[in-house]
Amino acid sequence: MDHTLNLFDHLLAEGKRFQSLGRHRDAGQAYARLAGFRDLPAPVAEEAQLRLAEMALKRRRFAQARRHLSAALHHQPDQARYHFLMATAMQADERCDPEQAAEHYRRALELSPDHVRCRCDAGLLALRLGRTDEGLALLREGAERAPDAPEVVGKLVKGLLLAGQVDDARQAIRSALFRNPRAPRIRKLWADFQLQMLRRDRETAEASRDREEGPVLLPFLRLHRETGPEAEGVRQDEGAPLPPPHQPRLLRRSSRRRVQ
């Protein structure tokens, strides 16, 4: 039994070492081998499934990530992180029901109310599902908990723009920029917002101009079949055969010498 436990510990440590070195393929093989044992201790099996899920999420293999997260939730159904990762894997996959992802977000927030990223992602999903008030409330709560985090401010601004509240989005960036005038990521948010507003104004102006001008009809020239001054330079030559090809000059000279 001790020999088996040592094997489990060795495979887990080996997988962690490969993962820290960026050798994700070797790490995945170690974790998969570890998860294949039937008599694996619950804590070791849980960690192996979690690490396999995280690696699958990074490679955007969402179905595989959900399978590993389901196994991890089987060991720890009240783990907020597992519910958050499950919601992330579901939201990123168009084949999944977004309502199920929202349910995992709710469960994660019940277990860990201070999870700011989870709160912001849940708010954006609520906005996409048409629950505007709920989504904005979640985003504003996340911004209150981390007012100077660029990622949180960016998600708040994105949600406000989705809800059509442009002035509030502008004010949110200005407030963050006032508190952190030298933060490069906050300054980039402000620059991106200004560029987005310029594009929106230009598209609105072009659409308005197109509606005012209406469709453009191109004139077509009509050819007159009459001859004389009304033809205005239109030629109507009769059909004639093409002229024969020109003979080279050398051939012409040689034929003249023979005649002489």
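Everything discussed here concerns the structure shown above.
Residues numbered from 1 in each chain as written. Predicted model: local features only at pLDDT ≥ 70, side-chain atom pairs only at ≥ 80, totals over all residues. Heavy atoms only, no water.

Novice: Give a description of helix 5 (residues 80-91) that names residues and reports values.
Specialist: Under the 1.5 Å per step criterion, the end-to-end length of helix 5 is 16 Å for 12 residues, consistent within 8% with the ideal 16 Å. Among the 12 residues in helix 5, nine count as buried, and that is most of the element. Along helix 5, the positions that sit buried rather than exposed are Ala80, Tyr82, His83, Phe84, Leu85, Met86, Ala87, Ala89 and Met90. (Helix = DSSP H or I, 4+ residues; strand = E, 2+ residues; numbered from the N terminus. Expected span 1.5 Å × (residues − 1). Buried < 20%, exposed > 50% of the residue type's maximum accessible area, 1.4 Å probe, protein only.)

Novice: Summarise unusual backbone geometry; cite the residues concerned and give the values.
Specialist: Positive phi, normally seen in glycine, also occurs at Arg60, with a value near 60 degrees. Take Arg60: its relative accessible area is 60%, and that puts it in the exposed class.

Novice: Account for the nonpolar core, naming residues and giving values.
Specialist: By size, the foremost hydrophobic cluster in this structure holds 26 residues, and its most contacted members are Leu57, Phe84, Leu85, Tyr105 and Cys118. Listing elements by their share of this core, those giving two or more residues are helix 3 (42-58), helix 4 (62-75), helix 5, helix 6 (98-111) and helix 7 (116-128). For this core, the element with the most residues is helix 5, which contributes seven residues. Excluding its chain neighbours within four sequence positions, the residues that come into contact with Phe84 are Tyr105, Ala108, His115, Arg117, Cys118 and Asp121. Core analysis: the second largest hydrophobic core is formed by 23 residues, Val153, Leu160, Ala172 and Ile173 among them. (Core = buried A, V, L, I, M, F, W, Y, C linked by side-chain atoms within 4.5 Å. Contact = heavy atoms within 4.5 Å.)

Novice: How would you explain the packing of helix 3 against helix 4 if you had to name every residue and give the values?
Specialist: One can describe the packing of helix 3 onto helix 4 by two numbers: an axis separation of 8 Å at closest approach and a directional angle of 160 degrees. Taken as axis vectors, helix 3 and helix 4 run roughly antiparallel relative to one another. Both helix 3 and helix 4 take part in a crossing whose hand is left-handed. Residues Ala42, Ala45, Glu46, Gln49, Leu52, Ala53, Ala56 and Leu57 of helix 3 touch helix 4, and the partners they reach there are Phe62, Gln64, Ala65, His68, Leu69, Ala71, Ala72 and His75. Residue composition of the contact of helix 3 with helix 4, grouped by class: 11 nonpolar, four polar and one charged. (Axes fitted to C-alpha atoms, helices over the stretch in contact; angles between N-to-C directions. Parallel < 35°, antiparallel > 145°, perpendicular 65-115°, else oblique. Left-handed = near helix turned anticlockwise from the far one by under 90°. Nonpolar A, V, L, I, M, F, W, Y, C, P; charged D, E, K, R; others polar.)

Novice: I'd like a rundown of the side chain of Asp121, residues and numbers included.
Specialist: Inspection of the secondary structure assignment puts Asp121 in helix 7. Setting aside residues up to four positions removed in sequence, Asp121 forms contacts with Phe84, Gln91, Tyr105 and Lys155.

Novice: How would you explain helix 6 if you had to name every residue and give the values?
Specialist: For an α-helix, 3.6 residues make a turn, and residues three or four places apart therefore share a direction. Here helix 6 is 14 residues long and its end C-alpha atoms lie 20 Å apart, about the 20 Å a rise of 1.5 Å per residue gives. When helix 6 is considered as a whole, its buried residues turn out to be Ala101, Ala102, His104, Tyr105, Ala108 and Leu109. Within helix 6, the buried residues cover an arc of 160 degrees as seen down the axis, which keeps them to one side. Its buried side turned inward, helix 6 meets helix 4, helix 5, helix 7 and helix 8 (132-145). (Arc of directions from axis to C-beta.)

Novice: Which residues make up the pattern of salt bridges, and what are the values?
Specialist: Per the stated rule, a full pass over the model turns up 19 salt bridges. Here Arg81 makes a salt bridge to Glu54, at a shortest N to O gap of 2.2 Å. You can see Arg81 sitting in helix 5 and its partner Glu54 sitting in helix 3, a full 27 residues away along the chain. The partly exposed category is assigned to Arg81, whose relative accessible area is 42%. Linking Arg179 and Asp148 is a salt bridge whose minimum nitrogen-to-oxygen distance equals 2.8 Å. You can see Arg179 sitting in helix 10 (residues 166-179) and its partner Asp148 sitting in the loop between helix 8 and helix 9 (150-162), a full 31 residues away along the chain. Classification of Asp148 as partly exposed rests on a relative accessible area of 38%. Overlapping salt bridges, with partners in common, bring together Arg117, Asp121, Glu151 and Lys155 in one network. (Salt bridge = Lys/Arg side-chain N within 4 Å of Asp/Glu carboxyl O.)

Novice: Run through the environment of Val153, naming residues and quoting values.
Specialist: Counting through the fold element by element, Val153 comes out in helix 9. A sequence separation of 14 residues divides Val153 from Leu139, and the C-alpha atoms of the two residues are 8.9 Å apart. With residues up to four places along the chain from it excluded, the contact list for Val153 reads Pro147, Ala172, Ala176 and Leu189.

Geometric descriptors of this kind do not, in isolation, establish any biological role.
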